Amino acid sequence: QVQLVESGGGSVQPGGSLRLSCTAPGFTSDSCAIHWYRQAAGKQRDWVSSVSADGRTTYADSVKGRFTISTDKTKDTVYLQMNSLKPEDTAMYSCKTFGSLTCVMKYNWGQGTQVTVSS
């Protein structure tokens with residue numbers, strides 16, 4: 001099995017930017033989609049954005065126009081560029097592979113990366 005690795009989180013002021021990374025060795029070869037989720041303290045995990053194996057992107061309404069998801073296939077890495085951050089974006093961000101049974105079962109959730117937006 002493969003462990004997903006998220007990175008790039010941190011503390012920023014409102015209006016700031018961060019770029020998160022999700023590395024999943026082999027996911028492009030397996031033609032997996034990648035979904036980003038976030039979970040604020042005491043709340044349920046929410047879907048944020050997805051990129052399919054063929055590059056189609058989708059976003060939650062709450063982040064549309066501010067976040068951009070992209071893929072670097074040479075690095076088996078998916079990025080989440082987050083601009084115009086708001087305090088309500090504060091959460092633990094995690095990624096997961098989806099698609100075929102291989103995509104679901106082969107790749108394990110990572111530790112996540114914490115994003116804190118405050119003044």
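Before reading on, note that the structure itself is shown above.
Cut-offs applied
- Residues numbered from 1 in each chain as written.
- Predicted model: local features only at pLDDT ≥ 70, side-chain atom pairs only at ≥ 80, totals over all residues.
- Heavy atoms only, no water.
- Pairing = 2+ DSSP bridges.
- Helix = DSSP H or I, 4+ residues; strand = E, 2+ residues; numbered from the N terminus.
- Axes fitted to C-alpha atoms, helices over the stretch in contact; angles between N-to-C directions.
- Salt bridge = Lys/Arg side-chain N within 4 Å of Asp/Glu carboxyl O.
- Buried < 20%, exposed > 50% of the residue type's maximum accessible area, 1.4 Å probe, protein only.

Quick look at the sheet that holds strand 8 (residues 67-72) now. Taking strand neighbours across the sheet as the criterion, the four strands line up as 2-4-9-8 in an open arrangement whose pairing is antiparallel. Every other strand in the sheet has two partners, leaving strand 2 (5-7) and strand 8 as the edge strands with one partner each. Direction aside, neighbouring strands of the sheet carry axes that sit 15° apart on average. Bridge analysis of strand 4 (residues 18-23) against strand 9 (residues 77-82) gives six bridges, and the strand direction is antiparallel.

Across all of its chains, the model carries five salt bridges by this definition. Of the charged contacts, one joins Lys-64 and Asp-61 as a salt bridge, the two residues approaching to 3.2 Å between their closest N and O atoms. This pair shows no difference in class: Lys-64 is exposed, exactly as Asp-61 is. With its nearest N and O atoms 2.7 Å apart, the salt bridge here joins Asp-89 to Arg-66. Linking Asp-89 in the loop between strand 9 and strand 10 (91-98) with Arg-66 in the loop between strand 7 (57-59) and strand 8, this pair joins segments that are 23 residues apart in sequence.

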